[in-house]
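Remarks on the overall topology
Below, each chain spelled out in residue letters.
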Amino acid sequence: MNLVKTVLTAVALPCAAFAAAEMPSATVTSVAQGADRVLRVAYTLADAPAVVTMAVETKGPSGWTAVGARALGTAMGGVNRLLEPGDYEITWRPDDVTADPSAVFDAENARVNLTAWPTNNPPDVMVVSLCANENPRVTYYTDIEALPGGLLENPRYRESAIVLKRISAAGKPWIMGTLGADAHQVTLDDDYYMGVFELTQIQHRLVLQAFEAAPSVLFGTEGMLRPSERVTYNILRGTTGNASSAPETNTPDPTATSLLGRLRTLTGVAFEMPTEAQWEYVARCGAVFAPTTFEGRYADNGGLIGGKFVYENVGPTNGTAKVGSYAPNAWGFYDMAGNVEEWCRDWYKTDISSLNGACVEDKQN
């Protein structure tokens, strides 16, 4: 059975979508707390578009201490999104930190710091909503801990939104391939984002919307959070030729009716399948050897019954696992080993050592 990983790399960096001519600046103009306990931070963004994030510090006996990123996830307004130059306001309740309804923001013992991230260097975590009426569609956070509600605790991140982490790969040499004749040094040209989970069946359905049902036989049992399965290369990227077989060369972009094409149209984000080099770099966490401490569900530890999937008898302990069921790798990516097989964009080629990680665009005979 052909199964797929969440895709998904998104826009490589730097690229046309992330090009900044000038460095932006965000200057706080006022900080005030009203009787409703809501802190209002007014600021001016100048010089260039930017993603603005907020940090708060409190002063204690040992000096300034940062408020936890999780607590700041409830901030609203002009924060964690791409903004044009102008005047904005961020609202946030300090009692989200202390659970004390009388919490007061004392300007002598607390301070607000804003960061204006240029568009060619956005924050490390990107969240893309699959809900057509949500605005903004794309939000950014400094790290996974800053996600509102928590990555595993908030079902949104495996149901109606896709979470991606930025991979700082540009210009960093690493060894690709297994030790031996096929091991070779690779240096990728760009940073990129990659999905932290496999694409789930409910996410697949939200992308397709009214077009057709997502291919799956396991949806009825924990199906929403199980990975999307039985997904072919053509379903993912489409083909300009016979729909029953892949084209001789990769299409420059996913076709409009493919899963990735519809995802691009829905979100405005340039989603793509990872190349083999991009996938392997994340799976290995940039190391020469793949880590040996992966957890995951495999065919021989509950994934199969009698050597095959028995779909009418699938339960929580067999078949595919819900994404996020097992520990992530050292970089925070789930199911890089175990669960389902995962597609890459490249065509198969016996020896890729001379390509320096470039995608194999043409089908090999």
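Please refer to the structure placed before this passage.
Here's what I pulled together on the structure shown here. Quantities reported herein were computed from a predicted structural model and do not represent experimental measurements.

Thresholds applied
Residues numbered from 1 in each chain as written. Predicted model: local features only at pLDDT ≥ 70, side-chain atom pairs only at ≥ 80, totals over all residues. Heavy atoms only, no water. Buried < 20%, exposed > 50% of the residue type's maximum accessible area, 1.4 Å probe, protein only. Helix = DSSP H or I, 4+ residues; strand = E, 2+ residues; numbered from the N terminus. Pairing = 2+ DSSP bridges. Salt bridge = Lys/Arg side-chain N within 4 Å of Asp/Glu carboxyl O. Disulfide = S-S within 2.5 Å. Contact = heavy atoms within 4.5 Å.

What follows concerns the pairing of strand β13 (residues 173–176). Consecutive side chains along a regular strand alternate between the two faces of the sheet. Of the two faces of β13, only one is covered, namely that formed by W174 and M176; the face formed by P173 and I175 stays uncovered. Of the pairings in the sheet, the one linking β13 to strand β14 (residues 184–187) comprises four bridges and is antiparallel in character. Each bridged residue has a counterpart across the sheet, and for M176 the counterpart in β14 is H184.

In this section: the pattern of salt bridges. Pairing between side chains of opposite charge can happen when the charged atoms of each approach one another. Tallied over the full model, the rule gives 11 salt bridges. Note that R111 is salt-bridged to E57, the shortest N-O span being 2.6 Å. Note that R111 is positioned in strand β9 (residues 110–118) and E57 in strand β4 (residues 50–60), a separation of 54 residues in sequence. For E57, a relative accessible area of 17% translates into the label buried.

Time to look at the state of the cysteines. In this structure the tally under the stated criterion is zero disulfides. C359 supplies the cysteine sulfur nearest to C344, a cysteine that is in no disulfide, at a spacing of 9.1 Å. Residue classification places C344 among the buried residues on the basis of a relative accessible area of 16%.

What follows covers helix α5 (residues 259–267). Each turn of an α-helix holds 3.6 residues, which means side chains three or four residues apart point in the same direction. When you tally the buried positions in α5, you get seven out of nine residues, the bulk of the element. Along α5, the residues classified as buried are L259, L260, G261, R262, L263, L266 and T267. Taken together, the buried residues of α5 touch β10 (125–129), β12 (161–167), α3 (201–208) and α4 (233–237). Backbone geometry just downstream of α5 places G268 in the positive-phi region, at approximately 80°.

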